[in-house]
Structures are given as structure tokens and as C-alpha cells.
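# Survey of secondary and tertiary structure
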Amino acid sequence: MTNTATDLVITLTSNTALNWFMNAVHIYAGTGPIPANPQGTPVPGQFPYTASFSTPQSGYTISIPLSELGVS
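Just so you know, these numbers come straight off a predicted model, no measurement behind them.

Before going further, it helps to spend a moment on unusual backbone geometry. Its identity as a non-glycine residue notwithstanding, N19 has a phi of 60°, on the positive side. With respect to the element layout, N19 can be found in the loop between β2 (7-13) and β3 (22-27).

Okay, structure coming up:
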């Protein structure tokens, strides 16, 4: 994860040596509580940043403006 002056940049990589690839990602970034069920277990389907891939991917990078996160 690397910040720029205006963005939070998150890079995910999978362990391709173990033949692991991504079909989808769900990312939470913010200042509020992580979306969770009543038992406190995170609910990735409710995370605000998602991506799905028709072809499995070995990596993914997202740049989130800090202004979207309520920080700047």
C-alpha cells in the first residue's frame, strides 16, 4: 500500500507459485467501521471497492482518492 499526496494506492498480488489467482476482490478503506454482520464478522460483499475478473488475475491495483475516504 502506498499513498501519494492525493490517493491511497493498494496493490494485491496472489501466490502464483501455489496456483492462486483472483476472480474478484473486495476492499474496505475508510475511517468508519468495517461492514460486518451482527456477530462482528466482516462482510466483503458490502465493501465499497470491488472488482470481478472474467479471467483470473495474479495482481490488482486500485487508486482511491483520499477525498473519497474523508481524509485529505
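Counting 14 residues, the largest nonpolar core has Y60, I62, I64 and L69 as its most contacted members. Every element with two or more residues in this core is listed here: β2, β3, β4 (49-57) and β5 (59-65). Leave out the neighbours within four places in its chain, and Y60 touches I10, T11, L12, M22, V25, I27, A51 and F53.

This part covers the pairing of β2. Relative to β2, strand β1 (residues 2-3) is paired through two bridges, and the arrangement is antiparallel. Looking across to β2, one finds that N3 is bridged to L8. In this structure, the hairpin formed by β1 and β2 is closed by a connection of three residues. Here β2 runs beside β5; their pairing, made up of seven bridges, is antiparallel. Considered in β5, the bridge of L8 is made with I64.

So, how was this worked out
Residues numbered from 1 in each chain as written. Predicted model: local features only at pLDDT ≥ 70, side-chain atom pairs only at ≥ 80, totals over all residues. Heavy atoms only, no water. Helix = DSSP H or I, 4+ residues; strand = E, 2+ residues; numbered from the N terminus. Core = buried A, V, L, I, M, F, W, Y, C linked by side-chain atoms within 4.5 Å. Buried < 20%, exposed > 50% of the residue type's maximum accessible area, 1.4 Å probe, protein only. Contact = heavy atoms within 4.5 Å. Pairing = 2+ DSSP bridges.

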